[in-house]
Structures are given as structure tokens and as C-alpha cells.
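Close look at the chain arrangement
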Amino acid sequence: MSNVVRFVSKSELERQRLIREARAIYDSIFPPDVPAGGCAHDPSDQWAAHEAAAEIQPK
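Let me sum up the structure you'll find in this document.

Conventions used here
- Residues numbered from 1 in each chain as written.
- Predicted model: local features only at pLDDT ≥ 70, side-chain atom pairs only at ≥ 80, totals over all residues.
- Heavy atoms only, no water.
- Helix = DSSP H or I, 4+ residues; strand = E, 2+ residues; numbered from the N terminus.
- Buried < 20%, exposed > 50% of the residue type's maximum accessible area, 1.4 Å probe, protein only.
- Areas by Shrake-Rupley, 256 points an atom, 1.4 Å probe, with all protein chains shown as cover.
- Patch = residues over 30% accessible without salt bridge, like charges linked within 9 Å, V, L, I, M, F, W, Y side chains within 5 Å.
- Salt bridge = Lys/Arg side-chain N within 4 Å of Asp/Glu carboxyl O.
- Phe/Tyr/Trp six-rings, centres within 6.5 Å; stacked < 30°, edge-to-face > 60°.

**A few points about the overall build of the chain**
Helix and strand content of the chain: two helices and zero strands. Across the 59 residues of the chain, 0% fall into the buried class. For the chain, the exposed surface amounts to about 6000 Å²; the carbon and sulfur share of it is 60%.

**Topic: a nonpolar patch on the surface**
A cluster of nonpolar side chains, namely I25, Y26, I29 and F30, defines an oily patch on the protein surface of about 460 Å² accessible area. Relative to the assigned elements, F30 resides in the loop between α1 (10-29) and α2 (43-56).

**Things to note about the pattern of salt bridges**
In a structure, side chains of opposite charge can pair up when their charged atoms sit close to one another. Inspection of the entire model under this criterion finds three salt bridges. Between R17 and E14 there is a salt bridge, with its nearest N and O atoms 2.5 Å apart. With R17 and E14 both in helix α1 and three residues apart, the pair spans about one turn of that helix. Here R17 and E21 are joined by a salt bridge, their closest N and O atoms 2.3 Å apart. Separated by four residues within a single helix, R17 and E21 lie in helix α1, roughly one turn from each other. In the salt-bridge network here, residues are joined through shared partners; they are E14, R17 and E21.

**Details of the packing of aromatic side chains**
This model, assessed by the stated rule, comprises one aromatic pair. With 5.0 Å between their ring centres and 45° between their planes, Y26 and F30 make a pair best called tilted. What makes F30 partly exposed here is its relative accessible area of 48%.

Written as C-alpha cells, this is what we have:
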């Protein structure tokens, strides 16, 4: 088997870096809600669940 190497342009890497920085700044200004149970909700879990549900639904 051969390995596939995905090319990522500098502009895409810069875009991802800027998004991470913007999220960090946003979270520092508007901290995520902490439910009564004391466990913070991870927004990435929401997207993972959404993508999983999209894969299950017929097109």
C-alpha cells in the first residue's frame, strides 16, 4: 500500500491559526457556560455528533 500525503497550503495553515486565536480570544471574553453538574460542555463534541448524525441520515 502507498501512503497519501495531503498538501496544505500556507494560506490554509494561516487561516486555521487565525481561527484558533480568535476562538481563544472569544473564550477569554465570553467563557463557556458551565452546567450545574460542574462539567463544561466541549463544543467540538457538538460538531462530532452533528457530523455523525449527518452520516447516518440517508441522502
